[in-house]
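# A look at the structure
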Amino acid sequence: MAVTDKIYVKNHRQLVSQLDANFPKGAFSGATLDVLFGGGNLDGLNEATADRVIEFSKDFLDCDCQANPYCGHPERKFIAYLLDLRAQGLDPEAMVDVMTDDYMVYAYPGDIYGFLDDAVRTLEATEDLANVDDRPEEARHAANARAEIEGR
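Just so you know, these numbers come straight off a predicted model, no measurement behind them.

### Describing the side chain of Arg 86
Structurally, Arg 86 is set in helix 4 (residues 73-87). With residues up to four places along the chain from it excluded, the contact list for Arg 86 reads Asp 91, Met 95, Leu 116, Glu 148, Ile 149, Glu 150 and Gly 151.

Printed below as a string of structure tokens:
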């Protein structure tokens with residue numbers, strides 16, 4: 001299960017009530033993307049909430065793909081956002097706080113820890129394979145990315 005499957009809309013019940021529309025808690029669920037981020041249903045939201053929904057849309061759903069927002073780019077952009085937060089030195093608890101403040105979405109810190117651990121293991125394997133394949137530049141790139149995630 002991808003980390004974006006574990007990103008949830010904050011104040012879900014309140015939003016369902018304000019919009020008079022039922023949708024799943026998952027921020028990247030197709031029905032949630034349709035209801036919240038389709039652009040036409042924001043009239044029922046207070047200004048602060050609508051602003052966060054719009055920011056989320058601009059930052060993650062803005063691509064030219066014909067299948068947007070179901071093209072995979074929003075999830076990849078969000079993963080890059082999480083990795084950037086980690087590169088800034090934030091721990092998973094702080095990362096959750098920032099994503100909640102920025103976009104009104106949240107995750108459990110344990111899920112963020114798991115995502116970061118998986119990323120480190122993937123980069124370790126990438127580094128090992130690059131070394132075996134005598135590709136020192138790729139190995140160095142993977143090692144640097146791993147060190148950044150590990151906070152070194």
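Read on, since the account is not over.
### Regarding the packing of helix 4 against helix 5 (residues 92-103)
Where helix 4 contacts helix 5, the axes come no closer than 10 Å and their chain directions differ by 130°. Relative to helix 5, the element helix 4 lies oblique. Considering how the two elements wind past one another, helix 4 and helix 5 form a crossing that is right-handed. Side by side, helix 4 and helix 5 meet where Phe 78, Tyr 81, Leu 82, Leu 85 and Arg 86 of the first sit next to Met 95, Val 98, Met 99, Asp 102 and Tyr 103 of the second. Along the lines of polarity and charge, the residues of the contact of helix 4 with helix 5 split into 8 nonpolar, no polar and 2 charged.

### What to know about the pattern of salt bridges
Taken as a whole and assessed by the stated rule, the structure comprises 9 salt bridges. Residues Asp 111 and Lys 6 are paired through a salt bridge, measuring 3.8 Å at the closest nitrogen-oxygen approach. With Asp 111 in helix 6 (residues 109-132) and Lys 6 in the segment before strand 1 (8-9), this pair connects stretches of sequence that are 105 residues apart. Assessed through its relative accessible area of 21%, Asp 111 is described here as partly exposed. Assessed through its relative accessible area of 23%, Lys 6 is described here as partly exposed.

### Here's the deal with the environment of Arg 146
Of note, Arg 146 is situated in helix 7 (residues 136-150). By relative accessible area, which is 14% here, Arg 146 ends up buried. Between the C-alpha atom of Arg 146 and that of Ala 125, which follows or precedes it by 21 residues, the distance is 10 Å. Sequence-distant contacts of Arg 146, defined by excluding residues within four places in its chain, comprise Val 120, Leu 123, Glu 124, Glu 127 and Arg 152.

### Considerations on helix 3 (residues 47-60)
For the α-helix, the turn length of 3.6 residues means that residues three or four positions removed from each other point alike. End to end, helix 3 covers 20 Å across 14 residues, agreeing with the expected 20 Å (1.5 Å per residue, within 8%). Of the positions making up helix 3, those classed as buried are Thr 49, Ala 50, Val 53, Phe 56, Ser 57 and Phe 60. Along the long axis of helix 3, the arc covered by the buried residues comes to 125°, so they all point the same way. For helix 3, the elements touching its buried residues are helix 1 (12-19), helix 2 (30-37), helix 4, helix 5 and strand 2 (105-106). Backbone nitrogen of Ala 48 and a side-chain oxygen of the N-cap are separated by 3.2 Å at the start of helix 3; the cap is Asn 46.

### Points about the domain arrangement of the protein
Split by domain assignment, the protein resolves into domain 1 (3-107) and domain 2 (112-150). Between domain 1 and domain 2, the C-alpha centre-to-centre distance is 28 Å. In this complex, domain 1 contributes 12 residues to the contact, which on the side of domain 2 involves 7 residues. For the pair domain 1 and domain 2, the two sides together bury roughly 870 Å², of which 80% comes from carbon and sulfur. Interface area lost by domain 1 to domain 2 is led by Leu 83, Arg 86 and Pro 92, which between them contribute 51%. Applying the counting rule to domain 1 against domain 2 returns 0 salt bridges. Listing elements by their share of the side of domain 1 that touches domain 2, those giving two or more residues are helix 4 and helix 5.

Rules of the game
- Residues numbered from 1 in each chain as written.
- Predicted model: local features only at pLDDT ≥ 70, side-chain atom pairs only at ≥ 80, totals over all residues.
- Heavy atoms only, no water.
- Helix = DSSP H or I, 4+ residues; strand = E, 2+ residues; numbered from the N terminus.
- Contact = heavy atoms within 4.5 Å.
- Axes fitted to C-alpha atoms, helices over the stretch in contact; angles between N-to-C directions.
- Parallel < 35°, antiparallel > 145°, perpendicular 65-115°, else oblique.
- Left-handed = near helix turned anticlockwise from the far one by under 90°.
- Nonpolar A, V, L, I, M, F, W, Y, C, P; charged D, E, K, R; others polar.
- Salt bridge = Lys/Arg side-chain N within 4 Å of Asp/Glu carboxyl O.
- Buried < 20%, exposed > 50% of the residue type's maximum accessible area, 1.4 Å probe, protein only.
- Expected span 1.5 Å × (residues − 1).
- Arc of directions from axis to C-beta.
- Polar contact = N/O pair within 3.5 Å; in protein donor to acceptor, adjacent residues only side chain to side chain.
- Domains from an automatic or database assignment.
- Buried area = accessible area lost by both parts, 1.4 Å probe.

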